[in-house]
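Secondary and tertiary structure notes
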Amino acid sequence: MITEQQNPNSTDIDLKSVSEIVQIFHEEDRKAIDAVAAESDAIAQAVEMIVEAFHQGGRLFYIGAGTSGRLGVLDASECPPTFSTEPEMVQGIIAGGDIALRKAVEGEEDKPERGAQVVREYQLTQQDVLVGIASSGRTPYVLGALKEAHAIGVKTIFFSCVPPAEELKRFVNHFITPIVGPEIITGSTRLKAGTATKLVLNMLTTISMVKLGKVYNNLMVDVHASNKKLVERSIRIVQTVTGVDTALADATLKQAGGSVKTAIVMLAKEINRTDAISLLEKHDGFLRPILDGG
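Summarised in this report is the structure supplied together with it. (Residues numbered from 1 in each chain as written. Predicted model: local features only at pLDDT ≥ 70, side-chain atom pairs only at ≥ 80, totals over all residues. Heavy atoms only, no water.)

Comments concerning the packing of helix 1 (residues 18-37) against helix 6 (residues 192-211)
Rules: Note on geometry: axes are lines fitted to C-alpha atoms, helical ones only across the stretch in contact, with angles between N-to-C directions running from 0 to 180 degrees. By the criteria applied, helices consist of DSSP H or I runs no shorter than four residues and strands consist of E runs no shorter than two, each listed in order from the N terminus. An angle below 35 degrees is read as roughly parallel, one above 145 as roughly antiparallel, one from 65 to 115 as roughly perpendicular, and any other as oblique. Crossing handedness is read from the near helix: turned anticlockwise from the far helix by less than a right angle, it gives a left-handed crossing, and turned clockwise, a right-handed one. Contacts are assigned to residue pairs that have any heavy atoms within 4.5 Å of one another. In this count, Pro and Cys sit with the nonpolar residues alongside Ala, Val, Leu, Ile, Met, Phe, Trp and Tyr, while Asp, Glu, Lys and Arg are called charged and the others, Gly among them, polar.
One way to put it is that helix 1 packs onto helix 6 with a least axis distance of 9 Å and a crossing angle of 40 degrees. On the basis of the axis angle, helix 1 is oblique to helix 6. Crossing handedness for the pair helix 1 and helix 6: right-handed. Contacts between helix 1 and helix 6 involve E28, D29, K31, A32, I33 and V36 on the former and, on the latter, K192, T195, A196, L199, V200 and M203. Across the contact of helix 1 with helix 6, the residue classes tally to 7 nonpolar, 1 polar and 4 charged.

Now the structure itself:
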């Protein structure tokens, strides 16, 4: 159990100064980044699976316990404001339910039957993808969910920070396994393993959204402007792409019902909202072919 081994780099950490401990964290965090980089091909393949599922009307689910579950819920919850996705498109499930986001629900992660049950409750289908997250590679709740999902025909991906056990290959279609090594505090996988998890989940959803046309250049052109900061960001994005002043960008955004993409097309093509929406629909929501002459 790599995640339960003692880390020689943090031996006698309780005797070290704060500055020395900070340096240990830096050294170990770099190992997490390198471990994720070593899984680049596996991450790319997972993104391809997810994008294909989205094209078929499928959904992406994360499932985990403790830190793993919380990170999955976090990543899923960021998709609607960032990319204007429907809440159902990317969902995070944590052992013990939403209360476990703030308070540990002891024992739930040890129940594979609860993982299987939640897969049925969320009505996963063959069009969906389930990403099981378990740093230790053995969380019963997660494995129970993956087994049930596989039996239904759901595409399954397993994220862990240990090499996969041979038996997992019976019900997991794809593995992402950054080997981050022993934690600074023995067994505390909210540290390097948590960092690696966050890095990978960032890529799975963000790159998928790029490939769905929700990003133009490096701008979040499908942002849902639900607060003042995001309204101001939307105005800046319209200005950056079209070159208009703040007043015109703001006014056009209002005419576009707050849709950055629609406002950009209205200005770039000098057309009304209805025609801009039709043009976006013709190009499956992708701005690039429209702005490049489509």
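Examining the side chain of T156
For the record, the criterion: For each residue, the accessible area found with a 1.4 Å probe, counting protein chains only, is set against the maximum for its type, and the residue is called buried under 20%, exposed over 50%, and partly exposed in between. Throughout this description, a polar contact denotes any pair of N or O atoms lying within 3.5 Å of each other; where both atoms belong to protein, one of them has to be capable of donating a hydrogen while the other can accept it, and for residues adjacent in sequence the pair is counted only when both atoms sit in side chains.
For T156, the position within the fold is in strand 4 (residues 155-159). Among the residues examined, T156 registers a relative accessible area of 0% and is labelled buried. A distance of 2.9 Å separates a polar atom in the side chain of T156 from the backbone oxygen of F171. When neighbours within four sequence positions are excluded, T156 is seen to be in contact with M49, L130, L146, A149, H150, F171, V172, N173 and H174.

Some thoughts on the nonpolar core
Stated formally: Residues belong to one nonpolar core when they are buried, are Ala, Val, Leu, Ile, Met, Phe, Trp, Tyr or Cys, and are joined through side-chain atoms within 4.5 Å.
F54, L60, Y62, V90, I176, L204 and M209 are the most contacted members of the largest nonpolar core, which totals 35 residues. For this core, the elements supplying multiple residues, two or more each, are helix 1, helix 2 (40-55), strand 1 (60-64), helix 3 (66-83), strand 3 (129-133), strand 4 and helix 6. When neighbours within four sequence positions are excluded, F54 is seen to be in contact with R59, L60, M89, V90, S208, M209 and L212. If you look at the next biggest cluster of nonpolar residues, it comprises 23 residues, including Y216, L219, A249 and I290.

A few points about the layout of surface pockets
As a reminder, the rule being used: Detection works on a 1 Å grid of protein atoms alone, calling trapped sets that fit a 1.4 Å probe cavities and calling open sets with protein on both sides within 12 Å along at least five of seven lines pockets, with lining residues defined by an atom within 4 Å of a point. Grid points are joined across faces, edges and corners, and a volume is the space filled by probe spheres set on the points.
Computed from the structure, the largest pocket encloses a volume of approximately 590 Å³. Around the largest pocket sit 29 residues that line it, and A65, G66, T67, E109 and T189 are the ones nearest its centre. A total of 5 residues in the lining of the largest pocket trace back to one element, the largest contributor, which is helix 3. Split into classes, the residues belonging to the lining of the largest pocket amount to 10 nonpolar, 13 polar and 6 charged.

Regarding helix 7 (residues 228-242)
Threshold: The span you would expect from a helix comes to 1.5 Å times its residue count less one. By arc we mean the arc of the directions from the helix axis to the C-beta atoms, nothing more.
Between its first and last C-alpha atoms helix 7 spans 21 Å; for 15 residues at 1.5 Å apiece the expected length is 21 Å, and the two agree. Along helix 7, the residues classified as buried are L230, S234, I235, I237 and V238. Summarising the axial view, the buried residues of helix 7 lie within an arc of 160 degrees, below the 170-degree limit, and thus occupy one face. Set apart from the buried face of helix 7 by more than 90 degrees, the exposed residues are K228, K229 and T240.

Considering the environment of L146
Locating L146 in the fold gives a position in helix 5 (residues 140-152). On the basis of relative accessible area, L146 is assigned to the buried category, the value being 0%. Along the backbone, L146 and V172 are 26 residues apart, and their C-alpha atoms lie at a distance of 7.0 Å. Ignoring anything within four residues of it in the chain, the contact list for L146 reads L130, G132, T156, I157, F158, F171 and V172.

Thoughts on the pattern of salt bridges
This is how the line gets drawn: Any carboxyl oxygen of Asp or Glu within 4 Å of a side-chain nitrogen of Lys or Arg constitutes a salt bridge here.
By the definition in use, this model includes 10 salt bridges. For K214, the salt bridge identified is with D222, shortest N-O distance 3.4 Å. There is no split in this pair, since K214 and D222 are both buried. On the basis of relative accessibility, which here comes to 15%, the residue D222 falls in the buried class. One connected set of salt bridges, linked through shared partners, spans E28, K31 and K192.

Considerations on the pairing of strand 3
Here is the rule: What makes two strands pair is DSSP finding at least two bridges between them. Note on handedness: a clockwise path from strand one over the helix to strand two, with the strands aimed away from the viewer, defines a right-handed crossover.
Burial runs high along strand 3: 5 of the 5 residues are buried. Where burial is concerned, the two faces of strand 3 agree: the one with V129, V131 and I133 and the one with L130 and G132 are both buried. Relative to strand 3, strand 1 runs parallel, the two sharing 5 bridges. Paired with G64 across the two strands is I133, which belongs to strand 3. In the sheet, strand 3 pairs with strand 4 via 5 bridges, with the strands oriented parallel. Residue pairing for strand 4: L130 is matched across the bridge by T156. Handedness of the crossover joining strand 3 and strand 4 through helix 5 is recorded here as right-handed.

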